[in-house]
Amino acid sequence: MADIRVRFAPSPTGYLHIGGARTALFNYLFARHNGGTFVFRIEDTDTQRSTQEYVDEIMASMKWLGFSWDEGPFFQTQRMDLYRAKVQQLLDEGKAYRCYCTPEELDAKRELAMKEGRKPKYDGACRERTDHPEGVPYVVRFRAPDEGTITFNDLIKGPVTVDVAELDDIIIQRSDGTPTYNFVVVVDDIDMGITHVIRGDDHVNNTPRQILMYQGLGAPVPEFAHVPMILGADKSRLSKRHGATAVMSYEQMGYLPEAIVNYLARLGWSCGDQEIFSMQELIDKFTLEHVGRAAGVFNPEKLLWLNSHYIKTAEGERLVTLLRPHLERLGLNPDVHPERLPAVVEMYRERSKTLAEMASSAAFFFREMPEYDPAAVAKFLTADNRALLESVIRHLEASPSFTGEAVEQAIQAVMAETGLKMGKVAQPVRVAVTGGTVSPGLSEVLVALGRDDTLKRLRVACDLSQQG
RNA sequence: GUCCCCAUCGUCUAGCUCGGCCUAGGACACCGGCCUUUCACGCCGGCGACAGCGGUUCAAAUCCGCUUGGGGACGCCA
């Protein structure tokens, strides 16, 4: 197969969202799987709404997800001369014409058409106009054929046929002289030698008219593959009201990029019954043939499950690095006890679905004293339990070392001395040391905390239970 | 409204290309049990779908048609 070239071309009028990220992923995987080239282009022709902040955000998202590109980023605003020349070429060849209709006139006609149940479509008022009034603003329209059909074989959907009567003469250059999306996308895809256009489903309707422009520009038509949309739980187009949609907000919520990538890949694509895929596996196995045709609902629970899977299996050192900012976000300083970080990660990786959750669960390790849960204190740090806590303190003090084994022996000794069962001993101690009733295994927690901190917390708890 | 697209468990999906191997498989979620010092993890089990109708055929989730439902597009946005 000839060299495959694909592109991801977001517009910087918003952050990179879940849907855009999946489009980027499919392009990336398709390029890598086929040894092709992945071009990154920024479609910033809407100068009113495009911002540098969004450009930065999109690039940061791409990098975080691991979608490295081979060429670009190209900015359309820096390619205006090319577009202008192409518009002129079309004008010279009679394939485009100037239209002097005002936006107001167009709006009125559109409204009327809608009201009468017709498809709102440009009526061709200026189609045959040859005069060139001085100083009157105009747009340039691409002349579509009067009759016939356009058929393209979508690599995902199969053949799609549209009657050209459905198409109107679209604007390719605004009255301020800037080109529009449907035109620049074609000019750029031609100029950049794009062979496969993989994009969102919402562009199928644009495809026929774009094909017309490829032909008008005398260029070969690329292959198209339209990826189904991602829907919210109510089956409507995914948006903010369905929860977080910005890719980078997932980093802040403590998700691992491999979880997002894995989830996005499986939303609309499959490979038998396999659920877990590394990026390399995705590259090896990804083909357009296995992309589904139906829109899919974004399921946050499954993403969470994948995230917990990747937290369980990630390398400890990496987790330590990733956990730090989440602790800091909680107002904690991980560097007061950097030595506890590795143990914390090992203790919590099996019971955390996100890094943010891990940070808040393990917060007591990085505070001077735990934040006591009043209900837990009332239930377990009672006067009745004071003797028990004192016994624990005594045995821990007497313990020759503070390893897991030593701590467990001390607890056994307490059980023997008080005649209490493990459950009765563990909960008061757990509350004393962590502030709550839920934590990893008790001895692990005590060892990670160290003898000094453990004893300190136990003594404070003892005082509390005295008051109770 | 017009045009385009889509349709298997609540959700993501396998199967559909080359009809029989499907009393429809897996995963998330949910429910129950086991494990257990709490919470998790893990393990075992359960619930649960071929949208409807008609056709083709010895045989249809798989092919065809219609209906219904859903989504998208109709911008001097992308």
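Everything discussed here concerns the structure shown above.
The sections below set out a description of the structure shown in this document. (Residues numbered from 1 in each chain as written. Chains lettered and ligands numbered in written order. Predicted model: local features only at pLDDT ≥ 70, side-chain atom pairs only at ≥ 80, totals over all residues. Heavy atoms only, no water.)

## Some thoughts on helix 18 (residues 442–449)
Residues lying three or four places apart along an α-helix face the same way, a consequence of the helix completing one turn every 3.6 residues.
So, point 1. In terms of burial, helix 18 is a largely internal element, six of the eight residues being buried.
So, point 2. Restricting attention to buried positions, one finds in helix 18 the residues Leu 442, Ser 443, Val 445, Leu 446, Ala 448 and Leu 449.
So, point 3. Phi for Gly 450, located one or two positions after helix 18, is positive at around 90 degrees. (Buried < 20%, exposed > 50% of the residue type's maximum accessible area, 1.4 Å probe, protein only. Helix = DSSP H or I, 4+ residues; strand = E, 2+ residues; numbered from the N terminus.)

## Details of the packing of aromatic side chains
The geometry of an aromatic ring pair is captured by two quantities: the separation of the ring centres and the angle between the planes.
So, point 1. The final tally for this structure, using the stated rule, is 13 aromatic pairs.
So, point 2. Look at Tyr 100 and Tyr 138: their rings are 5.6 Å apart centre to centre, the planes differ by 55 degrees, and that puts the pair in the tilted class. Pair noted here: Tyr 100 is in the loop between strand 4 (96–99) and helix 4 (103–115) and Tyr 138 is in the loop between helix 4 and strand 5 (139–142), with a separation of 38 residues, a long-range link.
So, point 3. A residue is classified by how much of its surface remains accessible, and Tyr 100, at 8% relative accessible area, is buried.
So, point 4. Overall, the relative accessible area of 27% leaves Tyr 138 in the partly exposed class. (Phe/Tyr/Trp six-rings, centres within 6.5 Å; stacked < 30°, edge-to-face > 60°.)

## A few points about the protein's contact with RNA strand B
So, point 1. Around RNA strand B lies a shell of 61 residues, among which Gly 117, Arg 174, Glu 350, Arg 351 and Ser 439 are the nearest.
So, point 2. In RNA strand B, atoms within 4 Å of the protein come from the sugar-phosphate backbone in 68% of cases.
So, point 3. Within the side chain of Arg 49, one N or O atom sits 2.9 Å away from a sugar or linking oxygen of RNA strand B.
So, point 4. Within the side chain of Asn 205, an N or O atom sits 3.0 Å from a sugar or linking oxygen of RNA strand B.
So, point 5. Elements represented by at least two residues in the surface near RNA strand B include exactly helix 4, strand 7 (158–163), helix 5 (181–191), strand 12 (296–297), helix 10 (300–313) and helix 17 (422–434).
So, point 6. Residue contributions to the surface near RNA strand B peak at five residues, all from helix 17.
So, point 7. In terms of residue class, the surface near RNA strand B is made up of 18 nonpolar, 21 polar and 22 charged. (Near = heavy atom within 4 Å. Polar contact = N/O pair within 3.5 Å; in protein donor to acceptor, adjacent residues only side chain to side chain. Nonpolar A, V, L, I, M, F, W, Y, C, P; charged D, E, K, R; others polar.)

## Some remarks on helix 12 (residues 341–348)
So, point 1. Those residues of helix 12 that sit buried are Leu 341, Val 344, Val 345, Met 347 and Tyr 348. On an axial view of helix 12, the arc spanned by its buried residues comes to 165 degrees, and they lie on one face.
So, point 2. Contacts made by the buried residues of helix 12 are with helix 11 (316–329), helix 13 (355–361) and helix 18. (Arc of directions from axis to C-beta. Contact = heavy atoms within 4.5 Å.)

## Structural notes on the packing of helix 17 against helix 18
Packed helices, taken two at a time, are described by the angle between their axes plus the distance between the axes.
So, point 1. One way to put it is that helix 17 packs onto helix 18 with a least axis distance of 11 Å and a crossing angle of 30 degrees. The orientation of helix 17 relative to helix 18 falls into the category roughly parallel. Helix 18 is crossed by helix 17, and the crossing has left-handed handedness. On the side of helix 17, the interface is formed by Ala 426, Val 429, Arg 430, Val 433 and Thr 434, while helix 18 contributes Leu 442, Val 445, Leu 446 and Leu 449.
So, point 2. In terms of residue class, the contact of helix 17 with helix 18 is made up of seven nonpolar, one polar and one charged. (Axes fitted to C-alpha atoms, helices over the stretch in contact; angles between N-to-C directions. Parallel < 35°, antiparallel > 145°, perpendicular 65-115°, else oblique. Left-handed = near helix turned anticlockwise from the far one by under 90°.)

## Regarding the sheet that holds strand 3 (residues 71–75)
So, point 1. Pairing in this open sheet of three strands is parallel, and the strands run 1-2-3 from one edge to the other. Across the chains shown, the open sheet's two edge strands, defined by having one partner strand only, are strand 1 (5–8) and strand 3. On average, each strand axis in the sheet is inclined to that of its neighbour by 25 degrees, with strand direction left out of account.
So, point 2. Its contacts with the sheet place helix 2 (residues 52–65) against strand 1, strand 2 (37–42) and strand 3, and it is angled at close to 160 degrees to strand 2. (Pairing = 2+ DSSP bridges.)

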